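# A structural walkthrough
Here are the chains, one letter per residue:
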Amino acid sequence: MKRLIDMGVLACRQKNSRGTFKPHLAVRFRSDDGNLNTFSIDSTRVPKKHIQPDAYLVTHAHSDHHGKSAMLSERSVCTDKTAVALEIRHDKEYKGSTVGTGESIEVNGVTVQTYSTGHTAGAVAFYWTNEVGTRILVTGDVKDTSALPKCDVLITEANYGDPTDPSCHFEDDIFGFRDAVENNCSVAFGAYAFGKAQRAVELLRDIGYSGAIAMEDRSLQLTRSLLEDAGELVGLEDCGEEDICIVPPWDLKKLPHKRAKYVMTGRSDYRYPSIQISDHLDAGGLVNMVEAIDPEVTIVYHPSGDRPEKFASHLRSLGKDAISIDGISNVLSNEFA
Ligand SMILES: [Zn+2]
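How each quantity is defined
Residues numbered from 1 in each chain as written. Predicted model: local features only at pLDDT ≥ 70, side-chain atom pairs only at ≥ 80, totals over all residues. Heavy atoms only, no water. Pairing = 2+ DSSP bridges. Helix = DSSP H or I, 4+ residues; strand = E, 2+ residues; numbered from the N terminus. Contact = heavy atoms within 4.5 Å. Axes fitted to C-alpha atoms, helices over the stretch in contact; angles between N-to-C directions. Disulfide = S-S within 2.5 Å. Buried < 20%, exposed > 50% of the residue type's maximum accessible area, 1.4 Å probe, protein only. Domains from an automatic or database assignment. Buried area = accessible area lost by both parts, 1.4 Å probe. Salt bridge = Lys/Arg side-chain N within 4 Å of Asp/Glu carboxyl O. Polar contact = N/O pair within 3.5 Å; in protein donor to acceptor, adjacent residues only side chain to side chain.

### Notes on the sheet that holds strand β12 (residues 187-190)
- Spatially, 6 strands are ordered β14-β13-β15-β12-β16-β17 in an open sheet, and the strand pairing comes out parallel. Among the strands making up the open sheet, the edge pair consists of β14 (233-235) and β17 (274-275).
- Sheet topology note: the strand β16 (residues 260-264)/β17 ladder contains 2 bridges and is parallel. Counterpart to V263 in the pairing with β17 is S274.
- Where helix α5 (residues 217-226) meets the sheet, its contacts fall on β13 (213-215) and β14, and the angle it forms with β14 comes to roughly 155°.

Given below as structure tokens:
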């Protein structure tokens, strides 16, 4: 295995004041000008009194990527859409820098390029090279790999990365979704306000539905702010009987009985029929991504739990060099310098 250190990359974890690990990791490397840089990845802020990383990279606005904490640092970096989503979701001002999807930004002398991951509105992978030319790619969660470049060190997720778990193998049920729209004159979809609700609107427009879409307040605000070409969106109070409704899953029960109701999820524990529409790659999709990106080393950093190690070990069984966040033993103390 080509060692990370030979490629000029040190992956580290940080501890918080209670001595437990902070979420996710930090990457240290030298930039072209020889400066030592530390980029924190989808992690919470380091307390002000401690030395700060040079950047907090926030891949997207889901809460398990900790933008709620990082957004309060001037060193945070995310897309303009992720910043908008964080501000709406947390009702706070985003204090960092923003970059467009597919564009680049200078971060402490390092040119960081973004690539869409298709996971949520504004979700991107970050890419940069270090002093010795190593190409580093941090993906966050991924749905669509088509925009992602090749790299040498891939830092990625394993939400559905356990190939032995049947729930990690799925396909989007676009036909089921279309049937639900076409076979009911009054229909509602349960979808989380950030992510799934915007995907539902995009799918409805893709299958040719051009009528009004009524949404719960927060979903409506997020969708109006994040989606171009969303068509006519209205609040629930203005919802006609034949308009399609999108509300969080737990709000479906508040809608009239005669409306057909579905939950857009891979889970099966709701009282309404579910339609499998995922914001993620499944286990096979994750392996295909690694094969296409073709890194020297893969670091699996997300989510919490045992899936990163299961996916890393699966990659090793396929002859690929991979470690999970659990295998990272370098710890950045609060006084890193
Ligand atoms: Zn996510």
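### Details of the state of the cysteines
- Per the counting criterion, the structure on display carries 0 disulfides.
- Counting only cysteine sulfurs, C239 is the nearest neighbor of C185, a cysteine outside any disulfide, at a range of 12 Å.
- The exposed category is assigned to C185, whose relative accessible area is 64%.
- Residue C239 stays outside any disulfide, its sulfur separated by 3.6 Å from that of C245, the closest cysteine.

### Things to note about the domain arrangement of the chain
- Along its sequence, the chain is carved into domain 1 (4-165 + 281-332) and domain 2 (171-275).
- The distance between the C-alpha centroids of domain 1 and domain 2 comes to 31 Å.
- With 12 residues of domain 1 in contact, the opposing surface of domain 2 contributes 10 residues.
- Both sides of the domain 1 and domain 2 interface together cover about 1,000 Å² of buried area, and 62% of this is carbon and sulfur.
- Our count for the contact surface shared by domain 1 and domain 2 stands at 2 salt bridges.
- Where E228 meets K81, a salt bridge forms, and the shortest distance between an N and an O atom there is 3.0 Å.
- On the surface where domain 1 and domain 2 come into contact, there are 6 residue pairs in polar contact (both at pLDDT 80 or more).

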